[in-house]
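# Overview (structure and organization)
So the chains spell out like this:
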Amino acid sequence: MQSTNDVEHRDKEKPGVATDIIILVLGVTGVGKSSFINSAARSADATVVGHTLTSCTSDIQRVPCTHPGDPARRVILVDTPGFDDTYVDDFTTLQRIVEGLRSLYVDNMKIAGVIYLHDITQTRFALSRTAVNTVKHLCGASALKNVILTTTKWNEISDEALGQRRLEELSAASGSWREMLEQGSRVARFEDTAESAWEIIDIIVQNPLEDRLQIERDIGQGKATSATDAGYALKEKVRSEQRRTSWLSRLGQKWASLFH
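Along each chain, the written sequence defines residue order, and numbers are assigned to residues from 1. Totals for whole chains, interfaces and linings use every residue, but because this is a predicted model, local features are given only for residues with pLDDT of at least 70 and side-chain atom pairs only at 80 or more, for both listing and counting. Side-chain numbers here rest on the full set of heavy atoms in the structure, without hydrogens or water.

## Thoughts on the overall build of the chain
The condition is simple: Segments assigned H or I by DSSP are reported as helices when at least four residues long, segments assigned E as strands when at least two residues long, and all are numbered from the N terminus. Contacts are assigned to residue pairs that have any heavy atoms within 4.5 Å of one another. A 1.4 Å probe and the Shrake-Rupley method give the accessible areas. Residues count as covered only by the protein chains that appear here.
In terms of regular secondary structure, the chain is built from nine helices and six strands. Put simply, 76% of the contacts in the chain that link residues at least 6 apart link residues at least 24 apart. Total accessible area on the chain stands at roughly 12900 Å², and carbon and sulfur atoms take up 50% of it.

Dropping the structure here:
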């Protein structure tokens with residue numbers, strides 16, 4: 001079994017080579033990113049697993065994994081801070097991700113694809129819409145074909161049919177997965193096993209991106225986080241929500257004044 005020290009040692013000893021397959025793992029806090037990576041690494045402690053809605057990953061972590069079907073091939077899963085964190089706003093989370101990705105760019109490591117995780121027990125899709133939109137802008141339209149929309153925590157749902165209905169809703173809802181699926185993203189289901197994790201990873205391994213993600217191009221141009229496509233879109237969403245909140249507040253005050 002691979003220990004945390006083994007992972008850290010390998011990471012420092014061999015930070016990246018041209019044959020490495022780099023995969024970015026994204027999602028909201030508590031969705032199971034670390035659990036997915038630990039399953040792939042066949043280790044209970046390759047990353048710190050969180051069991052609360054407070055993110056345990058404050059910066060990105062590279063976790064090297066040997067491909068089970070090809071010991072000469074190394075896949076590096078990049079664990080990232082979760083969106084919708086209890087104490088950290090989404091823009092700060094994005095900044096942490098972008099700054100971590102700058103180190104990959106400096107090391108000339110090109111990301112082959114993205115695994116975006118979604119908790120199938122989640123009933124309110126609104127919580128993940130911001131994350132989904134940010135992922136779209138991180139990747140850019142041409143890279144969405146290498147995004148795997150992966151559902152987690154099926155073992156925690158009481159009714160399989162309910163889970164399937166939620167999956168259908170996610171795939172059909174505007175602003176959720178529909179636009180990404182139309183541009184080539186694929187859906188997968190993580191079954192909490194190493195075999196399941198590698199089936200998902202192999203979708204990317206067998207067909208890695210030839211071009212860079214939009215965020216890699218932005219980093220290559222030296223852009224600050226706020227100037228990247230993802231950063232600009234997130235800031236615009238925040239400003240839109242602030243305007244809506246302000247409008248509702250003024251409307252409430254006006255309504256209250258009519259009865260005084």
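This is not the end of the story, as more comes after the structure.
## Some remarks on the sheet that holds strand S2 (residues 61-67)
Strand pairing in a sheet is mediated by backbone hydrogen bonds. Such pairs are either parallel or antiparallel. Note the threshold: Strand pairing follows a simple DSSP-based rule, namely that at least 2 bridges must link the two strands. Axis definition: a line fitted to C-alpha atoms, over the contacting stretch in the case of helices. Angles run 0 to 180 degrees between N-to-C directions.
Strands sit in the order S2-S3-S1-S4-S5-S6 across an open sheet of six strands; the sheet is mixed. The open sheet has two free edges, formed respectively by S2 and strand S6 (186-189), since each of these has just one partner strand. Mean inter-strand twist for the sheet, computed between neighbouring axes without regard to direction, equals 30°. In this sheet, strand S4 (residues 111-119) lies alongside strand S1 (residues 21-27) in parallel orientation, the contact comprising six bridges. Within S4, the position partnered with Ile 22 by the bridge is Ile 111. Against the sheet, helix H2 (residues 33-41) engages S1, S2, strand S3 (70-79) and S4, with an angle of about 170° to S3. Across the sheet, helix H7 (residues 194-205) is in contact with S1, S2, S3, S4, strand S5 (147-152) and S6; its angle to S4 comes to roughly 140°.

## A few points about unusual backbone geometry
Condition: Exposure is judged per residue with a 1.4 Å probe applied to protein chains only, and the accessible area is read against the type maximum: over 50% gives exposed, under 20% gives buried, and values in between give partly exposed.
Of note in the backbone geometry, Asp 84 takes a positive phi value of approximately 55° without being a glycine. When you line up the elements, Asp 84 lands in the loop between S3 and helix H3 (90-106). Owing to a relative accessible area of 38%, Asp 84 belongs among the partly exposed residues under this scheme. The phi angle at Asp 192 is positive, at roughly 65°, despite the residue not being glycine.

## A short note on the side chain of Arg 74
Counted only if it meets this: A 3.5 Å cut-off defines polar contacts: any pair of N or O atoms within that distance qualifies, except that in protein one atom must be a possible hydrogen donor and the other a possible acceptor, and neighbouring residues in sequence count only when both atoms are side-chain atoms.
Along the chain, Arg 74 turns up in strand S3. Given a relative accessible area of 6%, Arg 74 falls into the buried group. Here Asp 20 takes part through its side chain, which lies 2.9 Å from a polar atom of the side chain of Arg 74.

## Quick word on the pattern of salt bridges
How we decide: Within this document, salt bridges are pairs made up of a side-chain nitrogen of Lys or Arg and a carboxyl oxygen of Asp or Glu, the two lying within 4 Å of each other.
In total, this model carries nine salt bridges according to the counting rule given. The salt bridge involving Asp 107 is made with Arg 62; its shortest N-O contact spans 2.9 Å. Taken together, the residues Asp 107 in the loop between H3 and S4 and Arg 62 in strand S2 connect sequence positions 45 residues apart. Taken together, the shared-partner salt bridges connect Glu 160, Arg 189 and Glu 191 into one network.

## Observations concerning the packing of aromatic side chains
The condition that has to hold: Stacked, edge-to-face and tilted labels apply to pairs of Phe, Tyr and Trp rings (six-membered ring for Trp) whose centres lie within 6.5 Å, assigned for plane angles under 30 degrees, over 60, and everything in between, in that order. We count a charge as sitting over a ring when the NZ of a lysine or the CZ of an arginine lies within 6 Å of the ring centre and within 35 degrees of the ring normal.
For the structure shown, the criterion picks out one aromatic pair. With 5.0 Å between their ring centres and 65° between their planes, Phe 36 and Phe 190 make a pair best called edge-to-face. Of the two residues, Phe 36 is situated in helix H2 and Phe 190 in the loop between S6 and H7; the sequence distance between them amounts to 154 residues. In this pair, the class of Phe 36 matches that of Phe 190, namely buried. Lying across the ring of Trp 154, Arg 189 places its NZ or CZ 3.8 Å from the centre. Its guanidinium or amino end placed over the ring of Phe 91, Lys 235 lies 4.1 Å from that ring's centre, counting from NZ or CZ.

## Details of the side chain of Asp 119
Note on placement: Asp 119 falls in strand S4. Asp 119 gets classed as buried once you look at its relative accessible area, which sits at 14%.

On their own, these measurements won't tell you what the molecule is for.
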